[in-house]
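# Examining the three-dimensional arrangement
Spelled out from the first residue to the last, the chains are:
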Amino acid sequence: MDWRTRLLDATPQSRRDYRSLATPVFRGSTVVFDSQSKVSDDWEQDKSGYSYGLYGTPTSLELASRIAKLEQAEHTFIVPGGQAAIALVYFAFCKAGSHALVPHSAYGPNKEMAVGLLRGLNIDVEPYDPLIGSGIADLIRENTSLIWCESPGSVTMEVQDVPAIVTEAHRRGVKVALDNTYSAGVFFDAFAHGIDVSMQALTKYIGGHSDLLLGSVSVNDEESYSAMGDVYRQLGLAVSPDDCSLALRGLQTLPVRLDQLERSTLAVAQWLQAQEAVESVYHPALPSCPGHEFWKRDFSGSTSVFSFLFSENISQESVVTFIESLSLFHIGLSWGGINSLAVVYPDVERPGKDYKGRLVRLNIGLETTEDLINDLQRAFSRI
Ligand SMILES: *Cc1c(COP(=O)(O)O)cnc(C)c1O
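Residues numbered from 1 in each chain as written. Predicted model: local features only at pLDDT ≥ 70, side-chain atom pairs only at ≥ 80, totals over all residues. Heavy atoms only, no water.

### Points about the side chain of Ser-218
Mapped onto the elements of the fold, Ser-218 is located in strand E7 (residues 215-219). Reaching out from Ser-218, the side chain makes a polar contact with the side chain of Thr-76 at a distance of 2.8 Å. (Helix = DSSP H or I, 4+ residues; strand = E, 2+ residues; numbered from the N terminus. Polar contact = N/O pair within 3.5 Å; in protein donor to acceptor, adjacent residues only side chain to side chain.)

Take a look at the structure:
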């Protein structure tokens, strides 16, 4: 054959019995079949064999099964990011005419999808007070098909009474999905608390180094699994095997990172509590955090992200000066990586509460705690 044709020969030439401890990165769209009769395009590759790279490769399915084990779920879907995971949950459980409930404290882009894309599809997503507990019963309608929980909530950190919400939802046959990113799928056992769907932005703690974007959606019942699989397939939520490989590596160091982050973050939060310019610290493990009692009852640990509120007498400009005076803390969104981050949320509002540009969110990284506290101290002295 011509050398040009020979270059395209896919037959392996090297030995294939290499046994590494690392999961190989399998790249591929096309999967080849032994015969025409074996051709399939089934998304459920775990059961029916590989059919197409879009539905997973050995690398992404390895990550999926490890996340499933971590969260003690039956099945996990790996998707391109946390926001894609949120979309997958909505589309699996809501259709035109559906009603869904989402806490005021939910991740901002979740609420944006609610009033954007979903409203356009005649899916009515209603915000609710994250601390409503069993009072959720009054908001459930005939057409309610999904209740979101996010605990603690984004930025304002309210810890929810998830079991109370689950009880009322299940009484009416409504599925409950949890954004479990804060707990890394570890510190809050979603399925033991009755949750139907647990999703995570793997971008945060599983990746752990701010260098990838991935999400996961985990379920325990076959009905949710198949509803979700259909949507997963139709939306084409493919992921890169290289990112999955990084997430698999992140999983190996998750315990040591979480351990260090928990200790350091708590020390910084406690130090902040003692500062004159600070009115409140919203860290789930501290009594000043709304819903702290639920954290104590339901969680086995805390992680690296929390917020604090400057006192009334500190102006909005001073808050910005504070942020910009930090040097170890970078100004940035997202969290769960190795670097400490600080950002002010000038517009965050919750019903009945206006933080007036005085709410700052911190992500604590792996820097030495004393250095972080010294950095904060210097910034306080500037205001
Ligand atoms: C970051 C985040 C997401 C979205 O994850 P991406 O991977 O950035 O799309 C969803 N939920 C929570 C709570 C998050 O913090």
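### Focus: the sheet that holds strand E8 (residues 278-282)
Pairing within the open sheet is mixed, and its 5 strands lie in the order E8-E9-E14-E11-E10. One side of each edge strand has no neighbouring strand; the edge strands of this open sheet are E8 and strand E10 (330-331). Judged from the 4 bridges that link them, strand E11 (residues 341-344) and strand E14 (residues 359-363) form a sheet pairing that is antiparallel. Pairing of Val-344 across the sheet is with Val-360, part of E14. Each of E8, strand E9 (305-310) and E14 touches helix H9 (residues 241-273); the most contacted strand, E9, lies at about 10 degrees to it. Running at roughly 165 degrees to E11, helix H11 (residues 316-325) makes contact with E9, E10, E11 and E14 of the sheet. (Pairing = 2+ DSSP bridges. Contact = heavy atoms within 4.5 Å. Axes fitted to C-alpha atoms, helices over the stretch in contact; angles between N-to-C directions.)

### Digging into helix H3 (residues 58-71)
In an α-helix, one turn spans 3.6 residues, which is why side chains three or four residues apart end up on the same side. The end-to-end C-alpha distance of H3, which contains 14 residues, comes to 20 Å, matching closely the 20 Å that a straight helix rising 1.5 Å per residue would cover. Note on H3: the residue one or two positions beyond its end, Gln-72, has a positive phi of about 55 degrees. (Expected span 1.5 Å × (residues − 1).)

### Observations regarding the packing of helix H4 (residues 82-93) against helix H5 (residues 108-115)
When two helices pack together, their arrangement is given by the angle between the helix axes and the distance between those axes. Packing of H4 against H5 brings their axes to within 10 Å, and their N-to-C directions diverge by 40 degrees. Considering the angle they form, H4 stands oblique to H5. Like other packed secondary-structure pairs, H4 and H5 cross with a definite hand, here right-handed. Across the interface between the two elements, Gln-83, Ile-86, Ala-87 and Tyr-90 of H4 pack against Pro-109, Asn-110, Met-113 and Ala-114 of H5. Along the lines of polarity and charge, the residues of the contact of H4 with H5 split into 6 nonpolar, 2 polar and no charged. (Parallel < 35°, antiparallel > 145°, perpendicular 65-115°, else oblique. Left-handed = near helix turned anticlockwise from the far one by under 90°. Nonpolar A, V, L, I, M, F, W, Y, C, P; charged D, E, K, R; others polar.)

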